[in-house]
Amino acid sequence: MSKKITFTSIADLPPLVVSMGTTEVNATGSWRYLRPVYHDKTAPCIEGCPASEDIEQYMYWAARGDFDKAWEVLVEENPFPAVCGRVCYHPCESSCNRDHFDQSLGINSIERFIGDHGLEFSLDRFKVAEEREQKIAVAGAGPAGLAAAYHLRRLGYQVTVYEKEEKPGGILQYGIPRYRLPKHILEAEIMRLERFGVEIKTGVQVGKDIPWNEFLQHDAVFLAVGVHKSRKLNVPGEDLDGVIAGLDFLSRINSGEDVSLGKNVAVIGGGNTAMDAVRTALRLGSTPAIYYRRTRAEMPAILDEIEEAEREGIPMEFLVTPVELIGENGALKAMKLQRMELGEPDESGRRRPVPVEGSEYVVEVDNVITAIGEQGDFTSIPEKLIEWGVVKSDAFGQTEQRPVFAGGDIIEQPHTVVHAIGSGKKAAMAIHAYLNGGDIATLADKIHVGNKGGVSFLRFRDGHEGDPVDNHEVVTFENINTSYFTRKDRHQVPELDVKTRITNFEEVKGTIDREAAMDEALRCFNCGVCNMCDNCLVFCPDVAIKRRDDRFRYEIDYAYCKGCGICVVECPRSALSLVPEGK
Amino acid sequence: MNHVDIQPRIPEPELMYSGHLACPGCGASLAMRYALKALGNNTMVIIPACCWSIIAGPFPYSALGVPIYHTAFETAAAVASGMKAALDQQGKSDVTVMAWAGDGGTYDIGFQALSGAAERNEDFLYVCYDNEAYMNTGIQRSSSTPFGAWTTTTPENHRKERPKKDIVGILAAHRIPYLATVSVAYPEDFIRKFQKARSIRGMKFIQILSPCPPGWKTADDQSIHISRLAVESRIFPLLEIEHGEKYTLNLEPEGISVRDYLEAQGRFRKLSEQDVAYIQNEVDRKWEMLKRQVS
Ligand SMILES: Cc1cc2nc3c(=O)[nH]c(=O)nc-3n(C[C@H](O)[C@H](O)[C@H](O)COP(=O)(O)OP(=O)(O)OC[C@H]3O[C@@H](n4cnc5c(N)ncnc54)[C@H](O)[C@@H]3O)c2cc1C
Ligand SMILES: Cc1ncc(C[n+]2csc(CCOP(=O)(O)OP(=O)(O)O)c2C)c(N)n1
Ligand code: SF4
Ligand code: SF4
Ligand code: SF4
Ligand SMILES: [Mg+2]
């Protein structure tokens, strides 16, 4: 600040009227009644991601070509970017603000590129905070169990994952076919956890190979055994040769077994298992078709999967249900179907299918694959933990029995990979709090990302004490200053053409290349987080904004800022807020 | 986030100080900040009576890190001519002389001096920060005030029926070496043109559309937004004219409706549908003319 100049006599005055001081003597900040503040907010994509990946942040690094850093940011919250980049149903993209401008960002395709980058360069710079003595056991090496193990290990615990099957991965290993998720990708991401000190013991069934009571001897246990029992059709003829349960079918194929199917294969259902089964049957040389009792709009499968099945020319018969499977000498021959129509909405909100009297007809089939849903097999879990077919737990996976925590498909939550991963993370935090005599619920406010239940591991670990960020304020499209963005379509993901892909199990979708990943990441608005675009600095009429000494971000000189609000309005991404002065 | 290499978008040194006396959100103050970033400290500024006489601060304080010569309302171009001649006499011909006047001091009272200096091709830069009225004395109309705009001397029942004077056309007719229009919403373009002006000998004229929140009846935080709308609606084209002949359009916006620009400002509140259609028509017609001049 320049000095105040005082003339005490005529003799003090200069011979010419020349100003010697600067206007910095005027603290024009006193004019201000609104105060601009740097205030990072939550991007809606992050709120939309059940694993709360810091998408905005890894887009920042990806756009600048620093994929190592992007990978580090990503795996802070989710240990399986290459897997999720392939199989996630990407609710982040449906929440993306860019969707209201041109098209949502191709988050999933960038995530995949970053995941593959991590594998290509064997990135595994995980850090264990401090080694701890406590031992934690996890039942089930699916995405939920492995995610929990990962985060617990990072917190320093000695973690052992017990897996009933021969290989870890759960449905990623035995459910999802390799044309969607090649085994080497899954295995490489799991191996990284093992290198990091997560112990995985396969071929060990909790409740059988390890008795429940012994299992409970650990300092804490996490249950993530998934749901794998295929629902029955409950129609005559279900035991005929040629009738196969969907998940068994996929599991045998995924284990490398030869499964021989006949020509006409009917797949019953409209979920992911049905789509995977029907597309697998097609690749085995059959002529499969989908039979579903509601319409396409009600199909629970990921939309991408439905579209790919359609592209592969798979016929889909809607509003039908099998009422009888007809055999000859114990072998399946035909299937009797009944037409349905949609009635009143049921408890899921979807309109309930009701049979149309006298509409039965018969089709010839060689195989029927049932894929009308899976149920939990809870024979090895104490009954008191179960209610309505799921393991009872709170938002952080705490069951009523200490030290038992649960996550993934066995608790009440959508059956998706990313929800499983998110629940593993939450349980890891809850276990940590429990083992340290705390209560995770008291931390919820600090670690929540947005308002949809997601939590940040970074905030949990670092504490972010004194962080002025109102973590819950989510940036809407109206908060974006679109003057600073130009319309541009998203990058297309490369895919195998239909003719070649249906003859084999080659991966259908490809990874975008480095240039495309950078270019696509540049489309990101970086909602709510300052990316140092300099707009505020450039547009301040009062020279009140300065780069910080470390040249990272800026500070406002409130001695002079008049509170015009230009910086706030011209911030493209709502990383500043205008707040009433004196509050 | 860690450190990243910062590539400043515009020159970092500041030659304007905080604590100046412009209203919050003043376009003219931001304009000076950019101008001096572009010209650097080997510059002298001449300011006739206008808002900037006040913004610059009272004796013994100044808002600028370069010398300012305050002068009478009608004399900016004459004083600049004299100052340049005096510097030349002292062998200091590398100093950039910039006259910095409002629209009143340019289109109206200072017009004779400006036209004379332009005709003589004096070697200085004349900048008109155009806020489209006599703002410092309380929002009286000037010959720069656009058709239909409210001012205290063109109240709503006695509004301005004449169009804004075409100062760019007039200066182009003087065939001076360099003429440009700039907007505070396009800082890179702004700075490039000032740097270019500095490198050219002879008379340079730059017009800045300069939003004035109290005079235009806009919120303080809208100045950049409105500047951008002026360009996007083609009301204020960003252009350069060399020797009165070579026209360059620096930006060819898609052309949003003039309504977006007009509706954003209280001074146009009473325009009728017909008025808006008339303004749109005028803007379209002038844009076509401009396009012909460019090719
Ligand atoms: C065919 C199919 C395709 C799918 N496709 C997608 C998709 O594309 N995208 C998506 O988001 N979601 C998809 N889903 C859903 C998703 O796979 C699941 O929601 C997710 O895998 C659940 O994870 P989890 O860890 O809870 O259980 P799981 O993945 O089922 O893993 C549980 C693990 O526990 C093991 N286990 C079971 N009992 C014991 C025991 N007693 N002791 C030790 N280990 C035990 C199991 O062998 C298994 O490995 C699909 C589901 C299916 C069935
Ligand atoms: C000869 C003379 N007449 C009138 C004035 C009073 N006066 C001072 S500033 C001003 C208005 C200047 O208007 P403009 O040039 O557009 O600059 P602005 O104030 O809008 O920035 C007037 C009329 C004066 N200083 N000298
Ligand atoms: S634009 Fe970027 S930060 Fe904003 S919601 Fe989309 S992906 Fe997230
Ligand atoms: S632009 Fe400058 S003066 Fe205006 S509110 Fe922001 S910091 Fe304050
Ligand atoms: S305008 Fe740019 S630099 Fe300023 S806060 Fe917003 S993102 Fe950061
Ligand atoms: Mg004026």
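You'll find the structure just up there.
A few points on the structure. (Residues numbered from 1 in each chain as written. Chains lettered and ligands numbered in written order. Predicted model: local features only at pLDDT ≥ 70, side-chain atom pairs only at ≥ 80, totals over all residues. Heavy atoms only, no water.)

Quick look at the coordination of the magnesium ion (ligand 6)
All names here are of chain B. The criterion, for reference: Here the term donor refers to an N, O or S atom within 2.8 Å of the metal (or 3.2 Å for Na, K and Ca), and because water is left out of the atoms, sites may appear incomplete. Segments assigned H or I by DSSP are reported as helices when at least four residues long, segments assigned E as strands when at least two residues long, and all are numbered from the N terminus. Burial classes: relative accessible area under 20% of the type maximum marks a residue as buried, over 50% as exposed, and values in between as partly exposed (1.4 Å probe, protein chains only).
All of the protein donors around the magnesium ion (ligand 6) are D103 (OD), N131 (OD1) and A133 (O); their distances to the metal are 1.9 to 2.1 Å. The sequence motif formed by the donor residues of the magnesium ion (ligand 6) is D-x27-N-x1-A. Here D103, found in helix α4 (residues 103-108), pairs with N131, found in the loop between β5 (125-130) and α6 (167-173); they are 28 residues apart in sequence, far enough to count as distant. Given a relative accessible area of 6%, N131 falls into the buried group.

Description of the interface of chain A and chain B
Put simply, the test is: A contact between two residues is defined here by any heavy atoms of the two lying within 4.5 Å. Simply put, the buried area is the total loss of 1.4 Å probe accessible area from both parts when two parts are fitted together. A pairing counts as a salt bridge when a side-chain nitrogen of Lys or Arg comes within 4 Å of a carboxyl oxygen of Asp or Glu. For this analysis, a polar contact is any N or O atom pair within 3.5 Å, provided that within protein one partner can donate a hydrogen and the other can accept it, and provided that sequence-adjacent residues contribute only side-chain to side-chain pairs.
With 50 residues of chain A at the contact, the number on the chain B side is 42 residues. For the chain A and chain B pair, buried surface summed over both sides reaches about 3800 Å², with 60% attributable to carbon and sulfur atoms. In terms of surface lost to chain B, no three residues of chain A exceed A:T23, A:V538 and A:V543, which account for 16% of the buried area on that side. Inspection of the region where chain A meets chain B yields three salt bridges. For the salt bridge of B:E12 with A:R547, the shortest nitrogen-to-oxygen distance reads 2.9 Å. Scanning the region where chain A abuts chain B turns up 27 residue pairs in polar contact (both at pLDDT 80 or more). For the side of chain A that touches chain B, the secondary structure elements donating two or more residues are β1 (21-22), α2 (55-63), α19 (535-539) and α20 (566-570) of chain A.

Some points on the nonpolar core
How we decide: Among buried residues, the Ala, Val, Leu, Ile, Met, Phe, Trp, Tyr and Cys ones that are joined through side-chain atoms within 4.5 Å form a nonpolar core.
Counting residues in each nonpolar core, the largest one holds 108 residues, and the members touching the most others are A:I55, A:Y58, A:M59, A:I114 and A:F222. A:Y58 has contacts with A:E53, A:A70, A:V73, A:L74, A:I107, A:E111 and A:I114, leaving out every residue within four places of it along the chain. Of all hydrophobic cores here, the second largest spans 70 residues; its members include A:I566, B:C26, B:A56 and B:V182.

Quick word on the pattern of salt bridges
Residues and elements named next belong to chain A. A full pass over the atoms with the stated rule returns 69 salt bridges over all chains. Close ionic contact of R501 with E312 constitutes a salt bridge, the shortest N to O distance being 2.7 Å. Within this pair, whereas R501 is found in helix α17 (residues 498-501), its partner E312 is found in the loop between α13 (303-311) and β11 (316-318), the two being separated by 189 residues in sequence. You can call R501 buried: its relative accessible area is 0%. On the basis of relative accessibility, which here comes to 5%, the residue E312 falls in the buried class. Put simply, E387 and K392 hold a salt bridge, and the shortest N to O gap is 3.5 Å. Overlapping salt bridges, with partners in common, bring together R180, D276, R279, R283, E305, E308, R311, E312, E495, R501 and K509 in one network.

Focus: the sheet that holds strand β8 (residues 239-242) of chain B
Residue and element names in this part refer to chain B. What counts is decided by this rule: For two strands to pair, DSSP has to find at least two bridges joining them. For helices, the fitted axis covers only the stretch in contact; all axes are lines through C-alpha atoms, and the angles between them, taken along N-to-C directions, range from 0 to 180 degrees.
With respect to topology, eight strands assemble into an open sheet ordered β3-β1-β4-β5-β7-β6-β8-β9, the strand pairing being mixed. Pairing within the sheet leaves two strands with one partner each, and these edge strands are β3 (68-70) and β9 (246-249). Averaged over all pairs of adjacent strands, the angle between strand axes in this sheet comes to 15°, irrespective of strand direction. Two strands pair when backbone bridges link them, and strand β4 (residues 96-102) and β5 are joined in this way by five bridges, in the parallel orientation. Along β5, the bridge assignment pairs W100 with V127.

Considering the environment of B:M98
Residues and elements named next belong to chain B. Here M98 shows up in strand β4. Classification of M98 by relative accessible area gives buried; the value is 0%. The spatial distance from the C-alpha of M98 to the C-alpha of K204 is 9.3 Å, given a sequence separation of 106 residues. In this structure, M98 is in contact with M32, L36, L39, M44, V45, I46, L125, V127 and F194, ignoring residues within four places of it in sequence.

Some words on the site of ligand 1
Residues and elements named next belong to chain A. This is how the line gets drawn: Being near a molecule or strand, for a residue, comes down to having at least one heavy atom within 4 Å of it. Here the open area of atoms and residues is found with the Shrake-Rupley method and a 1.4 Å probe, where only the protein chains shown may cover a residue.
If you check the shell around ligand 1, you find 35 residues, and the closest are V87, E163, R180, H228 and D409. V87 places a main-chain nitrogen or oxygen 2.7 Å from a nitrogen atom of ligand 1. K164 has a polar backbone atom sitting 3.2 Å from a nitrogen atom of ligand 1. Here ligand 1 loses 97% of its free accessible area of 990 Å² to cover by the protein chains. Of all the elements in the fold, those that place two or more residues in the shell around ligand 1 are α7 (143-154), β4 (158-163), α11 (246-254), α12 (272-283) and α14 (417-435). It is α12 that provides the largest number of residues to the shell around ligand 1, a total of three residues.

Limitation: the analysis is restricted to geometry and does not speak to function.
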